[in-house]
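Each chain is listed here by its residues.
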Amino acid sequence: MNIIEKTDIINIILSKAKFQKVMLIFDDTVSNLEIIDLHNQIKEYCIYNQFDISKQHNIDIVNDGYKLLIFFCSADSYLKINQNIDEFINIFIPTVDNFLPFYLNNKNELSSSQNYIVFNSNIIDIPCMTSVYFSKFYSCIKNLVNMKSNHIEFSFSSENNIGAFIEELNCLSDIYFKDIEIIKSCDIDYEQLPLVDYILISAFSLLINSVKNHNLFLVDVCKACADNYALVDKFYAMYNNDLLINMINLNYYYLSTAVNKTREKILEILSVSYQYNEKDLKSLIEKIKLYAKQDDGIIGYLYLYDIFSV
């Protein structure tokens, strides 16, 4: 990702998409005056069109010969698009102080495309901070289960500024942002991501310690599945697959240290930078629990062993 000034957009169009089709994709956080101003700046150098994603999140129209896309919108609107845009030159202009979603592709991984982003260098994206911490832990446990090599370091920067986290993002590899997948699937606002991350890391902490203490309890499968026999079969197969439990037992001290460090760091951020109430917490737990019920991967085990009911 390349960080640019808004005035650089014209030069990018001239060098990458001169007299070619350019689409401005915006939402209701952008004013008409801002749209008109941007249009007037670039209209001489390209074939301009625009699309309002506040009304329609499907942007298949961009496949009609467009070379460059300008996303002038909020992180929440961008997450709802969920389409592959890797083949385009993309310029992102976040309208609020959030930038992490623009760094990711539609598979919830860090994009490898040469994209551009405009934002204020003084912002602090709190959800980005907790998401990076949780995603490092999740990717670590996922790599262990899939028997992949694990090179994830659980060291945490003491600098909570945008430069530190951009540097962190640029250095990450093989990281999957499962929490982003969850908020997209459950229609949870990006601003609630820190609380989602805290719920998830706390759930993993409980799972890891329950495995170590031989204190696991199964969810009431008959009650949970009713007449959904496919779901019963899924839980039966998961219960008879000892890979996750064995992996936790074999790597307990490493995972325990990692989960505790991650949980403490996320809790530290929540305590000084984020406000929530018990109603928010309960609502998110229920949404994540329902997601876990349908998940076929590691998150599904949090439901199988009734972690969210503890």
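Structural data are supplied above this passage.
Residues numbered from 1 in each chain as written. Predicted model: local features only at pLDDT ≥ 70, side-chain atom pairs only at ≥ 80, totals over all residues. Heavy atoms only, no water.

Asker: Looking at this model, I keep getting lost on the overall build of the protein chain. Mind explaining?
Answerer: Secondary structure assignment for the protein chain yields 14 helices and six strands. Relative to the globule expectation of 19 Å for 310 residues, the C-alpha radius of gyration of the protein chain, 21 Å, shows essentially globular dimensions. Here the C-alpha coordinates of the protein chain stretch approximately 70 × 45 × 40 Å along the principal axes. Counting the 310 residues in the protein chain, one finds 50% classified as buried. (Helix = DSSP H or I, 4+ residues; strand = E, 2+ residues; numbered from the N terminus. Rg over C-alpha atoms; globule rule 2.2 N^0.38 Å. Buried < 20%, exposed > 50% of the residue type's maximum accessible area, 1.4 Å probe, protein only.)

Asker: Please clarify how a negative patch on the surface should be interpreted in this entry.
Answerer: A contiguous patch of negative charge, built from Asp97, Asp187, Asp189 and Glu191, is present on the exposed surface. Structurally, Asp97 is set in the loop between strand E5 (89-94) and helix H4 (100-103). Given a relative accessible area of 45%, Asp97 falls into the partly exposed group. (Patch = residues over 30% accessible without salt bridge, like charges linked within 9 Å, V, L, I, M, F, W, Y side chains within 5 Å. Areas by Shrake-Rupley, 256 points an atom, 1.4 Å probe, with all protein chains shown as cover. Salt bridge = Lys/Arg side-chain N within 4 Å of Asp/Glu carboxyl O. Lys, Arg positive; Asp, Glu negative; His and termini not counted. Charge placed at Lys NZ, Arg CZ, Asp CG, Glu CD.)

Asker: Looking at this structure, how should I read the sheet that holds strand E1 (residues 2-4)?
Answerer: Sheet strands pair by backbone hydrogen bonding; their relative direction is either parallel or antiparallel. Spatially, six strands are ordered E1-E6-E5-E4-E2-E3 in an open sheet, and the strand pairing comes out parallel. At either margin of the open sheet sits one strand with a lone partner, and together these are E1 and strand E3 (47-52). Strand after strand, the sheet turns through a mean of 20 degrees between neighbouring axes, direction not considered. Where strand E4 (residues 66-73) and E5 come together, six bridges link them in parallel fashion. Within E5, the residue paired with Leu68 across the bridge is Ile89. Of the strands in this sheet, E1, E4, E5 and strand E6 (116-118) touch helix H1 (residues 9-16), which is tilted by about 165 degrees from E4. (Pairing = 2+ DSSP bridges. Axes fitted to C-alpha atoms, helices over the stretch in contact; angles between N-to-C directions. Contact = heavy atoms within 4.5 Å.)

Asker: Before we go on, may I ask you to explain the pairing of strand E2 (residues 21-26) in this structure?
Answerer: Across a regular strand the side chains alternate sides, sitting on one face of the sheet and then on the other. In terms of burial, E2 is largely enclosed, as five of its six residues are buried. Relative to E3, E2 runs parallel, the two being bridged by six bridges. Bridge assignment links Met23 to a residue of E3, and that residue is Asn49. For the crossover from E2 across helix H2 (residues 32-42) to E3, the handedness is right-handed. (Right-handed = clockwise from strand over helix to strand, strands pointing away.)

Asker: Explain the packing of aromatic side chains to me, please; I cannot follow it from the model alone.
Answerer: In this description, an aromatic ring pair is defined by two values, namely the gap between the centres and the angle between the planes. The tally for this structure, following the rule as stated, stands at 14 aromatic pairs. Ring plane angle 40 degrees and centroid distance 5.3 Å describe the contact between Phe92 and Phe102, whose orientation is recorded as tilted. Of this pair, Phe92 sits in strand E5 while Phe102 sits in helix H4, and the two are ten residues apart along the sequence. As far as the burial class goes, Phe92 and Phe102 line up, both buried. Put simply, the rings of Phe71, Tyr78, Phe92 and Phe102 pair up and form one aromatic cluster. The cationic tip of Lys21 hangs over the ring face of Tyr66; the distance from NZ or CZ to the ring centre is 4.5 Å. One residue, Lys142, lies across the ring of Tyr176, its end atom 5.6 Å from the ring centre. (Phe/Tyr/Trp six-rings, centres within 6.5 Å; stacked < 30°, edge-to-face > 60°. Lys NZ or Arg CZ within 6 Å of the ring centre and 35° of its normal.)

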